[in-house]
Amino acid sequence: MSVMPTSNSTPTTTSRGALPLAATLLTGTVALYITLVAFGNITDFGTNQQFVRHVLAMDTTFKDEDLMWRAITTTWIQDAAYVAIIVWETVAALVLIYGTWLWFRRDDLRARRFSTYGLLMLMLLFGAGFIAIGGEWFAMWQSGDWNGLDAAIRVFVFSGIVLIVNHLPSGQARQTDT
């Protein structure tokens, strides 16, 4: 760590602190993860397309007639939902990659902003989309074959932890000349 005196002889640090480094690496990890998820969904379109179709159709749930009115069995609507998910994942990946790049460039304010946008996009997708809508509205929790709640919770929690790390104060005093 190097120390540079300011005009009032108070030392300030010029090295990278541990928390910005952690934010950089963790944001980069989430960016890598969602990039691979989006890439996989694009290059192996059919696998998760079937997942989305089964969840929306509710065809592997308990088939409670009080809930089955919620099922969406029209394939073009199911496929449109799946494409929307892929687009959302891709945009989130790009935003997080940009946020990671800004962290590397030490543009902490913009890095924090863009990382926050990307992480919130993931938390909305996995929290509101998969846990709330898929899990509860379409009763995905009832399916033994097409239940993605565990994976959704992992991504939601991991993204939330990274979001918290991104917003922790770095502990480095920043001196400005007045």
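Residues numbered from 1 in each chain as written. Predicted model: local features only at pLDDT ≥ 70, side-chain atom pairs only at ≥ 80, totals over all residues. Heavy atoms only, no water.

**Description of the overall build of the protein**
Alright, step 1. Scanning the protein from terminus to terminus reveals five helices and two strands.
Alright, step 2. Each helix and strand of the protein, ordered N terminal to C terminal, gives the series β-β-α-α-α-α-α.
Alright, step 3. In the protein, which comprises 178 residues, the share counted as buried stands at 37%.
Alright, step 4. Relative to all contacts within the protein whose residues are 6 or more apart in sequence, the contacts with residues 24 or more apart total 70%.
Alright, step 5. When the accessible surface of the protein is split by element, carbon and sulfur atoms take 67% of a total near 10200 Å². (Helix = DSSP H or I, 4+ residues; strand = E, 2+ residues; numbered from the N terminus. Buried < 20%, exposed > 50% of the residue type's maximum accessible area, 1.4 Å probe, protein only. Contact = heavy atoms within 4.5 Å. Areas by Shrake-Rupley, 256 points an atom, 1.4 Å probe, with all protein chains shown as cover.)

**Quick notes on the packing of helix H1 (residues 18-43) against helix H3 (residues 75-104)**
Alright, step 1. Between H1 and H3, the shortest axis-to-axis distance is 8 Å and the interhelical angle comes to 150°. Between H1 and H3, the angle is such that the two are roughly antiparallel. In the packing of H1 onto H3, the handedness of the crossing is left-handed. (Axes fitted to C-alpha atoms, helices over the stretch in contact; angles between N-to-C directions. Parallel < 35°, antiparallel > 145°, perpendicular 65-115°, else oblique. Left-handed = near helix turned anticlockwise from the far one by under 90°.)

**Observations concerning the nonpolar core**
Alright, step 1. Of all hydrophobic cores here, the largest spans 30 residues; its most connected members are Val 30, Ile 34, Leu 96, Leu 119, Leu 122 and Phe 126.
Alright, step 2. Elements with a contribution of two residues or more to this core: H1, helix H2 (45-57), H3, helix H4 (108-137) and helix H5 (149-167).
Alright, step 3. When residues in this core are grouped by element, the largest group, seven residues, is from H3.
Alright, step 4. Filtering out sequence-adjacent residues up to four positions away, Leu 96 remains in contact with Thr 27, Val 30, Ala 31, Ile 34, Ser 115, Gly 118, Leu 119 and Leu 122. (Core = buried A, V, L, I, M, F, W, Y, C linked by side-chain atoms within 4.5 Å.)

**Some remarks on unusual backbone geometry**
Alright, step 1. The phi dihedral of Lys 63 is positive, around 60°, even though this residue is not glycine.
Alright, step 2. Locating Lys 63 in the fold gives a position in the loop between H2 and H3.
Alright, step 3. A positive phi angle, near 65°, is found at Arg 106, a position not held by glycine.
Alright, step 4. Among the structural elements, Arg 106 can be located in the loop between H3 and H4.

**Observations regarding H3**
Alright, step 1. With 30 residues, H3 extends 43 Å from end C-alpha to end C-alpha; this agrees with the ideal 44 Å at 1.5 Å per step.
Alright, step 2. Looking one or two places after H3, you find Arg 106, whose phi comes out positive at around 65°. (Expected span 1.5 Å × (residues − 1).)

**Focus on the confidence of the model for the protein**
Alright, step 1. In this model, the protein carries an average pLDDT of 91, and 87% of its residues clear a pLDDT of 70 or more.
Alright, step 2. A low-confidence stretch, residues 1-13 stays under pLDDT 50, and its non-local contacts, those more than four residues away or across chains, total 19 contacts. (pLDDT = per-residue confidence, 0-100.)

**Details of the pattern of salt bridges**
Alright, step 1. Inspection of every chain in the model, using the stated rule, returns two salt bridges.
Alright, step 2. In this structure, Asp 79 engages Arg 53 in a salt bridge whose closest nitrogen and oxygen atoms are separated by 2.8 Å. In this pair, Asp 79 sits in helix H3 while Arg 53 sits in helix H2, placing the two residues 26 residues apart along the sequence.
Alright, step 3. Note that Arg 110 is salt-bridged to Asp 107, the shortest N-O span being 3.2 Å.
Alright, step 4. Taking the relative accessible area as the measure of exposure, Arg 110 reaches 33% and is therefore partly exposed. (Salt bridge = Lys/Arg side-chain N within 4 Å of Asp/Glu carboxyl O.)

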